[in-house]
Amino acid sequence: MIFEATQRTPLVEIESDRCLVRGECYPENISEWADPVMQALDEGLNQSEGAFTVDVELYYFNSSSAKFLFDFFDFLESASEGGRKITINWRYRSDDDTMQEAGEDFEEDLSHCCYNLVVI
Amino acid sequence: MTKNTRSDETVALHSYMQDRQTLFCYSGPMNEELLTTMSNPVKHQISDKETQEALSRRVFGVFIEQAQNIIRYSHHKTKSSGDSIGTIAISVIEDGFLIEAVNVIAPEKRVMLETTLSELSTKDQEELRTLYKQRLRDGPPDDSVGAGLGFIDMARRVSRFEFDFKNTEEGDLFIYRGWVT
């Protein structure tokens with residue numbers, strides 16, 4: 001499943017073994033955009049039982065989207081707690097303190113997923 | 001040719017904006033579609049080659065949050081479409097940018113806004129970061145006007161901010177000024 005990037009939403013690619021989120025995220029209506037993404041993630045995860053890798057590379061997200069990211073990671077954490085092997089790579093540019101801090105903060109709530117902060 | 005006093009007003013507006021280096025200003029009805037349209041010119045204006053990308057991104061973040069505050073909470077709406085009316089501006093200052101915004105608020109929101117913003121203005125970056133995380137986990141309070149994640153997000157991106165309230169014929173104005181340096 002592919003959700004093409006728009007001016008205010010990131011590219012999202014979801015397959016049975018991987019998910020990519022890349023771009024900027026400040027949609028006009030967060031649930032209108034996020035609900036189908038979460039549903040596709042649920043379906044993608046249920047297509048197989050193998051390892052699942054999530055790459056998140058965001059350059060900006062607004063405060064409404066922060067709540068979406070929190071729920072997105074919470075969902076992955078639950079799946080991981082249920083036995084699924086999940087790796088999350090939080091990718092950020094070396095000069096981007098805001099995204100580095102955001103990545104560190106999300107990590108605090110994740111203990112079952114394998115979580116990596118990756119400088120790009 | 002007769003002297004046209006109206007053109008003086010227009011020149012005064014031009015000179016005023018030029019003198020204070022206001023590179024973007026919008027005043028009028030706002031909605032999310034319009035914000036989409038405004039985003040690209042704003043991004044363009046704050047991203048010249050001499051400006052660090054990290055600084056531009058912080059300015060952009062404050063701009064988006066404050067524009068959305070106006071859209072969601074302005075108490076002054078157009079009769080026809082119900083769009084929120086407000087003013088938002090970005091100006092160049094010596095070491096960065098100043099983001100200014102004005103909108104009418106509901107009179108009963110003033111105390112809560114004042115309390116929240118006063119509290120935020122006393123916090124340092126680490127405290128703001130902790131508060132942001134906590135609010136993200138706990139969800140918004142019952143009445144999220146000014147107490148939600150948005151103002152914390154803005155406080156984290158600015159070096160300092162000021163706010164004020166003024167009673168006018170238009171209503172109770174809320175004034176926000178944030179410096180990104």
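Look above for the structure.
Residues numbered from 1 in each chain as written. Chains lettered and ligands numbered in written order. Predicted model: local features only at pLDDT ≥ 70, side-chain atom pairs only at ≥ 80, totals over all residues.

Colleague: Teacher, can you tell me more about the overall build of chain B here?
Modeller: Within chain B, the secondary structure is distributed over 6 helices and 5 strands. Put simply, chain B runs from its N terminus to its C terminus through helices and strands in the order α-β-α-α-β-β-α-α-α-β-β. A globule of 181 residues ought to have a C-alpha radius of gyration of about 16 Å, and chain B, at 17 Å, matches this closely. If you line up chain B on its principal axes, its C-alpha atoms span 65 × 40 × 30 Å. A burial count over chain B gives 29% of its 181 residues as buried. Within chain B, residue pairs in contact and separated by at least 24 positions form 64% of the contacts whose partners lie at least 6 positions apart. (Helix = DSSP H or I, 4+ residues; strand = E, 2+ residues; numbered from the N terminus. Rg over C-alpha atoms; globule rule 2.2 N^0.38 Å. Buried ≥ 20, exposed ≤ 12 C-beta atoms within 10 Å, placed from the backbone. Contact = placed C-beta atoms within 7 Å.)

Colleague: Sorry, what's going on with the environment of A:Ser80 here?
Modeller: Residues and elements named next belong to chain A. Among the structural elements, Ser80 can be located in helix α2 (residues 63-81). Remark: the alpha-carbon pair of Ser80 and Gln100, spanning 20 residues in sequence, is separated by 23 Å. What Ser80 contacts, discounting residues up to four positions off in sequence, is Ile86, His112 and Cys113.

Colleague: What exactly am I supposed to notice about the environment of B:Leu173 here?
Modeller: Residues and elements named next belong to chain B. Note on placement: Leu173 falls in strand β5 (residues 171-180). In this structure, the C-alpha to C-alpha distance between Leu173 and Val104, residues 69 residues apart in sequence, is 4.4 Å. Not counting chain neighbours up to four residues away, the residues in contact with Leu173 comprise Val102, Val104, Phe165, Lys166 and Thr168.

Colleague: I'm lost on the sheet that holds strand β4 (residues 160-168) of chain B in this one. Help?
Modeller: Across a sheet, paired strands are connected by hydrogen bonds in the backbone, their directions being either parallel or antiparallel. All names here are of chain B. Pairing is antiparallel in the open sheet, where 5 strands are placed in the order β1-β2-β3-β5-β4. Each edge of the open sheet is held by one strand with a lone partner, namely β1 (22-30) and β4. Averaged over all pairs of adjacent strands, the angle between strand axes in this sheet comes to 15°, irrespective of strand direction. Across the sheet, helix α3 (residues 53-73) touches β1, β2 (84-93), β3 (96-105) and β5, and the angle it forms with β3 is around 5°. Docked against the sheet, helix α4 (residues 110-121) engages β3, β4 and β5, running at close to 160° with respect to β4. (Pairing = 2+ DSSP bridges. Axes fitted to C-alpha atoms, helices over the stretch in contact; angles between N-to-C directions.)

Colleague: Could you clarify how one ought to interpret the interface of chain A and chain B in this entry?
Modeller: Quite often, the size of an interface is put as the accessible area lost when its parts meet. Chain A puts 16 residues into the contact, and the matching count from chain B is 18 residues. In the side of chain A that touches chain B, the residues fall into 4 nonpolar, 4 polar and 8 charged. (Nonpolar A, V, L, I, M, F, W, Y, C, P; charged D, E, K, R; others polar.)

Colleague: How do you make sense of helix α3 (residues 97-107) of chain A when you look at a structure like this?
Modeller: Structural remark: α-helix, 3.6 residues per turn; residues separated by three or four positions point the same way. Residues and elements named next belong to chain A. Looking only at α3, the buried set comprises Met99, Ala102, Gly103 and Phe106. The arc that holds every buried residue of α3, seen down its axis, measures 100°, which confines them to one face. Contact partners of the buried residues in α3: β4 (52-61), α2, β5 (86-92) and β6 (114-119). (Arc of directions from axis to C-beta.)

Colleague: Looking at this structure, how should I read the packing of helix α2 (residues 32-45) of chain B against α3(B)?
Modeller: In a pair of packed helices, the angle between the axes and the distance between the axes together describe the arrangement. Residue and element names in this part refer to chain B. For the pair α2 and α3, the least separation of the axes is 11 Å and the interaxial angle reads 160°. Comparing their axes, α3 and α2 come out roughly antiparallel. Crossing hand, α2 versus α3: right-handed. Taken together, the residues of α3 that come into contact with α2 (itself represented by Glu32, Leu35, Val42 and Lys43) are Phe60, Phe63, Ala67 and Ile71. Residue classes in the contact of α2 with α3 are distributed as 6 nonpolar, no polar and 2 charged. (Parallel < 35°, antiparallel > 145°, perpendicular 65-115°, else oblique. Left-handed = near helix turned anticlockwise from the far one by under 90°.)

Colleague: Would you explain the pairing of β2(B) in this entry?
Modeller: Note on strand geometry: in a regular strand, side chains alternate between the two faces of the sheet. Residue and element names in this part refer to chain B. Bridging between β1 and β2 involves 8 bridges; their strand directions are antiparallel. Across the sheet, the residue bridging to Tyr26 is Ile88, located in β2. Bridge analysis of β2 against β3 gives 8 bridges, and the strand direction is antiparallel. Its bridge partner being in β3, Val92 is matched across the sheet by Phe97. Hairpin connection, β2 to β3: the antiparallel pair is bridged by 2 residues.

Colleague: Help me out: how do you make sense of the pairing of β6(A) in this one?
Modeller: All names here are of chain A. Pairing geometry for β5 and β6, over 6 bridges, is parallel. Residue pairing in the sheet places Asn89 in a bridge with Asn116 of β6. As a crossover connection, the stretch from β5 through α3 into β6 is right-handed. (Right-handed = clockwise from strand over helix to strand, strands pointing away.)

Colleague: I'm lost on the sheet that holds strand β3 (residues 18-25) of chain A in this one. Help?
Modeller: Residue and element names in this part refer to chain A. Across the sheet, 6 strands lie side by side as β1-β2-β3-β4-β5-β6; this open sheet has mixed pairing. Looking at strand neighbours, the two that pair on one side only are β1 (2-3) and β6, the edges of this open sheet. In this structure, β1 lies alongside strand β2 (residues 11-14), joined through 2 bridges in antiparallel fashion. What sits directly across from Phe3, in β2, is Val12. The strands touched by helix α1 (residues 30-46) within the sheet are β1, β2, β3 and β4, with β2 carrying the most contacts at an inclination of about 25°.

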